[in-house]
Amino acid sequence: MSINLFQWGYSSSKEEERTIFNSKENEEKPGHPMVGPIKIHGAEPGMVLEVKINDLVPGW
């Protein structure tokens, strides 16, 4: 199995083939969903966004 660093996906176990998620945007370099980019409607340059992650449970 080859892994493309610009792809992300999910599988419930090491034995199961990953389902690759594709961006609905035509990104030049697609980013990981936990890194961004993140778009907030109504945000203006210079504003601050605070994100609190209560639980993060990694897969297998």
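Residues numbered from 1 in each chain as written. Predicted model: local features only at pLDDT ≥ 70, side-chain atom pairs only at ≥ 80, totals over all residues. Heavy atoms only, no water.

Participant: Before we go on, may I ask you to explain the overall build of the protein chain in this structure?
Facilitator: The number of helices and strands found in the protein chain is zero helices and two strands. A buried classification covers 3% of the 60 residues belonging to the protein chain. With an accessible surface of roughly 6,300 Å², the protein chain has 54% of that area assigned to carbon and sulfur atoms. (Helix = DSSP H or I, 4+ residues; strand = E, 2+ residues; numbered from the N terminus. Buried < 20%, exposed > 50% of the residue type's maximum accessible area, 1.4 Å probe, protein only. Areas by Shrake-Rupley, 256 points an atom, 1.4 Å probe, with all protein chains shown as cover.)

Participant: Whenever I open this one, the side chain of Ser11 confuses me. Can you help?
Facilitator: Relative to the elements of secondary structure, Ser11 occurs in the loop between β1 (8-10) and β2 (19-21). Note on Ser11: relative accessible area 6%, which makes it buried. At 3.0 Å, the side chain of Ser11 and the backbone oxygen of Ser13 are in polar contact. A distance of 3.5 Å separates the side chain of Ser11 from the backbone oxygen of Glu16, its partner in a polar contact. (Polar contact = N/O pair within 3.5 Å; in protein donor to acceptor, adjacent residues only side chain to side chain.)

In short, shape yes, function no, at least from these values alone.
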